[in-house]
Amino acid sequence: SVTDPANAQFRSDLSSGLFQVASLLARIGEGRAALASSRKALEIRRELSTADPINLWKRWDVIQSYATTSNLLAQTGNRSAALEDYRETETLLANTIDDPTNILLHSYRANAYSEVGESLKIIALDKKTAVGQKRELLLEARRLYQRSWDVLQDMQNKSSLSRASSSKLDQVVREIAECNHALEK
């Protein structure tokens, strides 16, 4: 059962492995297989979080899973499911307390905003997207990237930004500029 600590740890490790496989598959252009792996990992993480609802780490695993899955869905052209997972990510982010002392959780928050921003940008830039919806999605993507930037900038101001997160800050700045450029067209 998911409440058995040994089984819960195994399932948590399994979900992490499934996300690593999903990431690799996405990088080599196997979007559908990446999505299947991501969905299975999300399912496991939701079960673990439901079994231990006060565990903030498990909740963040679910948030990150929804954000990543939203991005993969957008990459594979499944707009409606990508938007659904984006909305779920936004709801979870809004309803999850921040631990101001936990740098890693701040990094997770910044990454989740960036991931769903990316999924909205992908949908917005799709040729099938109507002009009005394109603008709406780009504005929302830019807002999400800005939220990511705000978190990363706060970490930098507190001298708690890792080298990896520092490069993420530069990437988010480029994404905001890309959204602005697309909005000007």
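This text follows the structure it describes.
Residues numbered from 1 in each chain as written. Predicted model: local features only at pLDDT ≥ 70, side-chain atom pairs only at ≥ 80, totals over all residues. Heavy atoms only, no water.

1. Focus on the pattern of salt bridges
- All told, the structure shown has 11 salt bridges when counted by the stated rule.
- A salt bridge links Lys158 to Asp154; its shortest N-O distance comes to 3.2 Å. (Salt bridge = Lys/Arg side-chain N within 4 Å of Asp/Glu carboxyl O.)

2. Observations regarding the nonpolar core
- Membership of the largest hydrophobic core comes to 42 residues, with the highest contact counts inside it found for Leu120 and Leu152.
- At the level of secondary structure, the elements contributing two or more residues to this core comprise α1 (5–27), α2 (31–51), α3 (56–75), α4 (79–94), α5 (103–125), α6 (131–157) and α7 (163–184).
- In contact with Leu120, other than residues within four places in its own chain, are Leu83, Tyr86, Leu137, Glu140, Ala141 and Leu144.
- Of all hydrophobic cores here, the second largest spans six residues; its members include Leu18, Phe19, Ala41 and Ile44. (Core = buried A, V, L, I, M, F, W, Y, C linked by side-chain atoms within 4.5 Å. Buried < 20%, exposed > 50% of the residue type's maximum accessible area, 1.4 Å probe, protein only. Helix = DSSP H or I, 4+ residues; strand = E, 2+ residues; numbered from the N terminus. Contact = heavy atoms within 4.5 Å.)

3. With respect to the packing of aromatic side chains
- Scanning all chains against the criterion turns up one aromatic pair.
- Where Trp57 meets Tyr108, the ring centres are 6.0 Å apart and the plane angle is 85 degrees; that geometry is what we call edge-to-face. One end of the pair, Trp57, is in helix α3; the other, Tyr108, is in helix α5, and 51 residues separate them in sequence.
- Taking the relative accessible area as the measure of exposure, Trp57 reaches 37% and is therefore partly exposed. (Phe/Tyr/Trp six-rings, centres within 6.5 Å; stacked < 30°, edge-to-face > 60°.)

4. Focus on α7
- When the terminal C-alpha atoms of α7 are compared, their 32 Å separation across 22 residues agrees well with the 32 Å that a helix rising 1.5 Å per residue should span.
- Of the positions making up α7, those classed as buried are Ser165, Lys168, Leu169, Val172, Glu175, Ile176, Cys179, Ala182 and Leu183. Down the axis of α7, the buried set is contained in an arc of 150 degrees. They therefore lie on one face. Set apart from the buried face of α7 by more than 90 degrees, the exposed residues are Arg163, Arg174 and Glu184.
- Turning to α7, the residues buried within the fold contact α5 and α6. (Expected span 1.5 Å × (residues − 1). Arc of directions from axis to C-beta.)

5. Notes on the layout of surface pockets
- In this structure, the largest pocket encloses a volume near 240 Å³.
- Forming the walls of the largest pocket are Phe19, Ala22, Ser23, Ala26, Arg27, Thr68, Asn71, Leu72, Gln75 and Glu115.
- Elements represented by at least two residues in the lining of the largest pocket include exactly α1 and α3.
- At five residues, the largest contribution of residues to the lining of the largest pocket is made by α1. (1 Å grid on protein atoms, 1.4 Å probe; cavity = no way out; pocket = protein on both sides within 12 Å on 5 of 7 lines; lining within 4 Å. Points joined across faces, edges and corners; volume = space filled by probe spheres on them.)

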